[in-house]
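Listed here are the chains, written in short residue letters.
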Amino acid sequence: MQYLELDNLIPEADLVITAEGCIDFQTPRGKIPAEVAKRAKRYNLPVIALVGTIGEGAEINFQQGIDYFNSILTHPCQLSEAISQTSTLLTNASEQVARLLLVGRQII
């Protein structure tokens, strides 16, 4: 956290997006998304986690400050394929989140 200077960046944000290989019941036990969410909630910011997989007990993260999480995977694949395609998968998932936010903005 000290190298990312999140505490300086988060107060300037309207939305916080974080990522993790697998979100599950262990995430609140020291994984980065839980720490990012904790810091974002100091400023009442919404937090989205884009993840590779959604594991057992992932819903506990709603209590930890993560407001929404979604897998970036669009089809079943081998871990090696997911890792080699991470950049593309994250880019596509980020675009989908942005489009969803725009739709929500039109409804309000």
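Residues numbered from 1 in each chain as written. Predicted model: local features only at pLDDT ≥ 70, side-chain atom pairs only at ≥ 80, totals over all residues. Heavy atoms only, no water.

### What about the pattern of salt bridges?
Working step 1: On inspection of all chains with the given rule, the structure shows six salt bridges.
Working step 2: Between Arg-39 and Asp-7 there is a salt bridge, with its nearest N and O atoms 2.6 Å apart. You can see Arg-39 sitting in helix H2 (residues 32-41) and its partner Asp-7 sitting in helix H1 (residues 6-9), a full 32 residues away along the chain.
Working step 3: We note a salt bridge from Asp-67 to Lys-41, for which the minimum N-O separation is 2.6 Å. (Salt bridge = Lys/Arg side-chain N within 4 Å of Asp/Glu carboxyl O. Helix = DSSP H or I, 4+ residues; strand = E, 2+ residues; numbered from the N terminus.)

### Points about the nonpolar core
When a protein is soluble and globular, its nonpolar side chains tend to lie buried together.
Working step 1: Counting residues in each nonpolar core, the largest one holds 14 residues, and the members touching the most others are Val-16, Ile-23, Ala-40, Val-47, Ala-49, Ile-66 and Phe-69.
Working step 2: For this core, the secondary structure elements donating two or more residues are strand S1 (16-23), H2 and strand S2 (47-54).
Working step 3: Formed by six residues, the second largest nonpolar core is a distinct cluster that contains Leu-50, Ile-72, Leu-89 and Ala-93. (Core = buried A, V, L, I, M, F, W, Y, C linked by side-chain atoms within 4.5 Å. Buried < 20%, exposed > 50% of the residue type's maximum accessible area, 1.4 Å probe, protein only.)

### A short note on the confidence of the model for the protein
Working step 1: Taken as a whole, the protein shows an average pLDDT of 93; of its residues, 98% reach a score of 70 or greater.
Working step 2: Within the protein, the element-level pLDDT minimum falls on H1, averaging 88, and the maximum on S2, averaging 97. (pLDDT = per-residue confidence, 0-100.)

### A word on the packing of aromatic side chains
Working step 1: Taken as a whole and assessed by the stated rule, the structure comprises one aromatic pair.
Working step 2: Relative to Phe-69, the ring of Phe-62 has its centre 5.0 Å away and its plane inclined at 15°; by these criteria the two rings are stacked. (Phe/Tyr/Trp six-rings, centres within 6.5 Å; stacked < 30°, edge-to-face > 60°.)

### Details of the environment of Ile-72
Working step 1: Within the secondary structure, Ile-72 is located in the loop between strand S3 (68-71) and helix H3 (79-84).
Working step 2: We classify Ile-72 as buried; its relative accessible area is 9%.
Working step 3: Spatially, the C-alpha atoms of Ile-72 and Gln-85 are 10 Å apart, while their sequence positions differ by 13 residues.
Working step 4: Residues in contact with Ile-72, not counting those within four places in the same chain, are Leu-50, Val-51, Gly-52, Leu-89, Leu-90 and Ala-93. (Contact = heavy atoms within 4.5 Å.)

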